[in-house]
Amino acid sequence: MEMKQREKKSLSQNKQEESARGYGIRLRKSRGNLLAGAAILAVSMGLYLWEVFLFCTAEEPPEGGLSAFLGYTAGFWALAAAAAFVCLWEIHIPERARRTAGLALLLLMPLGAFFAVDFINSTRILTFNFWKSLANYLCYLMVYTLFYGLFRRVWAACLSGSVLSLGFGIANYFVVQFRGQPILPWDIQGLSTAVTVAGGYTYEPSRAMTVTAVAFFLVLALCVKLESRQPRSQKLVERVASLVTAGALFMLVFPLNILSQLGISVWAWNQKTSSEITGIAAGFCANVQFLMVDKPEGYSEAQAEEVSEAASQLEEPDPVGNPEELPTIIAIMNESFTDLGAVGEGSVSFTQDNLPFLHTLQKSGDVVWGTAYSSVYGGNTCNSEYEFLTGNTTAFLPVGSKPYQQYVDHEQTSLVSLLRDGYGYECVAIHPGNRSAWQRDTAYEYLGFDEFVDVSAFDVKRELEHGLTSDRSSYDQVIYEYEHRDPDQPLFLFNVTIQNHGGYEDEDYPTTVQVEGAEGEYPQTEQYLSLTKKSDEALEYLLEYFSQQEEPVVVLFFGDHWPNLEEDFLTQLLGEDADDLSFANTMREYQVPFLIWANYDLEGEEIKAVSLNYLSGLLLRAAGLEGTDYTKFLERLRQTMPVITAVGMLDQEGNLYKNGDSTPYDELLNKYNILQYNNAFGGEEKCMEAFTL
């Protein structure tokens, strides 16, 4: 009671003092105001210099021409000066007006954040209708009301909400630049991995970022000057109301999925374009619905056993190689490796063949080779590993899932466990990166590997290519493991390389391959092509070594996903605007080469299309080994549906289907889904006989 009386007395005194001085705006050059204004100008200068000078040279004209540059400069410094100027003034208005202004700012800031984030990310915001804009606004309003409920200060809520929103928007911009896909909810689990590889990229700010930043300084200064002086007891009521509002918005956005009713739908097969036409925040929140793994239609333990029993009746596929003893098996998943010339089908040519050895092998007739389809683009290597090692497909998992981090949290049957437990192989994984990246250190153990050699455990000298361990060094470690193997135990080696990881922005890297007729126009593409030429040379080195070994050795080589390169180059390569690709062209962006080679006779074959989940079965056939009932099921399925990815599917007749669309093969695909779900999530109900020898 006494506290309330003091608050009322204080508020009354403030009103009397303001009334005595009169309402209005007055200049006040206090130390705090001067420091705040100076800080804004100093930070603004840093942002301006970062954008204008650090990434420009005297030989290059300003982006957009001189008039655009002058307009940007004038606008930037007008906002910065206004923000600093506001810091020097005191606003004296009635308390009711303060509260109204504060509430208005709290309601307007989410709208400003929406426009700012989408402005930074160049979405198609000008085409959004009212409902789509409302969907994005509600996502930001949920954040701002939460912060107001926590801090009970408009300026603190605006500061926190804006830092989070703009930080997210800027991070999303760079992630799209680096991997060609926006930030998705499950990427948060891979934050530590992202930080690990972040140093390999160049972070060039855009004018939209710097202008948005100084505009934020201006609005924040206004929030501080208009902060309400109402008693604490009244703010408590507003705090509760804000938290309730934030909770209600959370329920609307997520469990009730109001976003779909407002016209927000996700293009799982093209998340970049999807976020551009839905808005960054709405697209991110709409993807949350995909976090839960749904059981397949009609799934039960009895149904899983029935499908498993039917798979056991299938004939074992014929081997394509017959070594006289258990061979050394080597699987190499090469980082960001694809054959751009083959994908382009003559639309582009290079100053020299960047993959001459690979092309020679393909023409030899001595290898099993062809075009594989990945489920990821520009990153998320772990998903390609998962599909190859388990035979499972991420097509049946929530969009954007990272199985290593989300689902591989217990022992799981895989190619590794089959070779280890069924044939007595020693199983070793090699990756010249941090062992905790994508949680490989735990995932590999659950999948059955006996040992994991990461960058800290290499036994050979590591040479670097654009700051990363070269493929040649990775293969030297493969050879080291082979030469130091137990002679009484067969060996399986799984090598995930890192050399070709993005970004491709090292100005000092000597490029050897250019786009013919456009030399120097696509520096990232040229660096990538030159790196893959090094990969091709390293592959030749590796296979030359094993060709001289008497003991049987079989090697599978495949790419994990495409690199993210200049959009203008991709437009030329695919013959269609890279920002607005047809589904057929989108699927081309997931094509990677694969081949199986052995130092013994193989039945050479070109496989026109196959997804990564089938490669382990092909490798077993080349090694002359019997697979599991699950492997037999997949090989039979491949004859009908050779490509099943998280993006789309391709049947034997060449018909394409977007993931999630109805197909003539839904019943067969559901059986696959049932087996996969039982394999990954069956627990005590898992039909072990389907996944083991």
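Attention here is on the structure that accompanies the text. Computed from a predicted model, the values in this text were never measured in an experiment.

What counts as what
Residues numbered from 1 in each chain as written. Predicted model: local features only at pLDDT ≥ 70, side-chain atom pairs only at ≥ 80, totals over all residues. Heavy atoms only, no water. Helix = DSSP H or I, 4+ residues; strand = E, 2+ residues; numbered from the N terminus. Rg over C-alpha atoms; globule rule 2.2 N^0.38 Å. Buried < 20%, exposed > 50% of the residue type's maximum accessible area, 1.4 Å probe, protein only. Contact = heavy atoms within 4.5 Å. Areas by Shrake-Rupley, 256 points an atom, 1.4 Å probe, with all protein chains shown as cover. Lys, Arg positive; Asp, Glu negative; His and termini not counted. Charge placed at Lys NZ, Arg CZ, Asp CG, Glu CD. 1 Å grid on protein atoms, 1.4 Å probe; cavity = no way out; pocket = protein on both sides within 12 Å on 5 of 7 lines; lining within 4 Å. Points joined across faces, edges and corners; volume = space filled by probe spheres on them. Pairing = 2+ DSSP bridges. Axes fitted to C-alpha atoms, helices over the stretch in contact; angles between N-to-C directions. Salt bridge = Lys/Arg side-chain N within 4 Å of Asp/Glu carboxyl O. Core = buried A, V, L, I, M, F, W, Y, C linked by side-chain atoms within 4.5 Å. Polar contact = N/O pair within 3.5 Å; in protein donor to acceptor, adjacent residues only side chain to side chain. Patch = residues over 30% accessible without salt bridge, like charges linked within 9 Å, V, L, I, M, F, W, Y side chains within 5 Å.

## A closer look at the overall build of the protein chain
Regarding its fold elements, the protein chain presents 27 helices and 15 strands. In terms of overall dimensions, the protein chain is globule-like: its C-alpha atoms have a radius of gyration of 29 Å, near the 26 Å expected for 693 residues. Residues counted as buried form 56% of the 693 residues belonging to the protein chain. By sequence separation, contacts in the protein chain at least 24 residues apart represent 78% of the contacts at least 6 residues apart. Of the roughly 30100 Å² of accessible surface on the protein chain, 55% is carried by carbon and sulfur atoms. Of the charged side chains in the protein chain, 46 are positive and 90 negative, and the gap between their average positions amounts to 22 Å.

## Regarding empty space enclosed by the protein
Counted under the stated rule, the structure contains 7 cavities of 30 Å³ or more. Empty space within the second largest cavity amounts to approximately 140 Å³. T390, S414, L415, T628 and T631 are the residues nearest the centre of the second largest cavity, which is lined by 16 residues in total.

## Looking at the sheet that holds strand β12 (residues 605-611)
The strands making up a sheet are joined through hydrogen bonds of the backbone, oriented either antiparallel or parallel. The 8 strands lie next to each other as β6-β5-β9-β3-β10-β11-β4-β12, forming an open sheet whose pairing is mixed. Looking along the sheet, the strands with just one partner apiece sit at the ends: β6 (451-453) and β12. Taking each pair of neighbouring strands and ignoring which way they run, the sheet shows an average axis angle of 15°. Two strands pair when backbone bridges link them, and strand β3 (residues 328-334) and strand β10 (residues 553-559) are joined in this way by 7 bridges, in the parallel orientation. Following the sheet pairing, A331 is matched in β10 by L556. Packed onto the sheet, helix α20 (residues 471-483) meets β3, β5 (426-430), β6, β9 (491-496) and β10 and runs at close to 165° relative to β9.

## Let's talk about unusual backbone geometry
Going from G502 to G503, the amide bond is cis rather than trans, its omega being 0°. Its place among the elements puts G503 in the loop between β9 and α21 (523-547). Phi at N257 takes a positive value of approximately 50°, unusual for a residue other than glycine. With respect to the secondary-structure elements, N257 resides in the loop between α9 (232-253) and α10 (258-261). Residues other than glycine seldom take positive phi values, yet W438 does so here, at roughly 55°. With respect to the secondary-structure elements, W438 resides in the loop between β5 and α19 (440-447). In this structure W438 comes out as buried when scored by relative accessible area, which is 13%.

## Some remarks on the sheet that holds strand β13 (residues 643-644)
Judged by pairing direction, the sheet is antiparallel, and its 3 strands sit side by side in the order β13-β14-β15 without closing on themselves. Because the sheet does not close on itself, it has two edges, and the strands there are β13 and β15 (656-658). Bridge count between β13 and strand β14 (residues 648-650): 2 bridges; the pairing is antiparallel. Along β14, the bridge assignment pairs I644 with M649.

## Regarding the pattern of salt bridges
Two side chains that carry opposite charge are able to pair once their charged atoms sit near each other. Under the counting rule described, the total for this entry stands at 16 salt bridges. Note that E385 and R440 form a salt bridge whose closest N and O atoms lie 2.7 Å from each other. Pair noted here: E385 is in helix α16 (residues 381-390) and R440 is in helix α19, with a separation of 55 residues, a long-range link. Overall, R440 belongs to the buried group, its relative accessible area being 3%. Three or more residues are tied together by salt bridges with common partners; here these are R124, K272, E276 and E567.

## Here's the deal with the nonpolar core
The biggest cluster of nonpolar side chains holds 105 residues, and the ones touching the most others in it are F388, Y404, F492, F494, F569 and F594. The element contributing the most residues to this core is helix α26 (residues 666-681), with 6 residues. Among all residues touching F594, those that are not within four sequence positions of it are V368, W369, G370, T371, A372, L556, F557, F558, I607, V610, L615 and L618. By size, the runner-up hydrophobic cluster in this structure holds 59 residues, among which are I40, V52, C285 and A286.

## What to know about helix α18 (residues 415-423)
Looking at α18, one finds that the buried residues are L415, V416, S417, L418 and L419. Residues of α18 that are buried in the fold lie against β3, α16, β5, α19, β9 and α24 (615-622). Between the side-chain oxygen at the start of α18 and the backbone nitrogen of V416 there is a gap of 3.1 Å, and the oxygen is on S414. At the exit of α18 stands G424, carrying a positive phi of roughly 80°.

## Some thoughts on a negative patch on the surface
A grouping of E301, E305, E309, E684, E685 and E689 is seen on the molecular surface, where their side chains present a negatively charged patch. Counting residues per element, the negative patch draws most heavily on helix α13 (residues 301-312), at 3 residues. Relative to the elements of secondary structure, E684 occurs in the loop between α26 and α27 (688-691).

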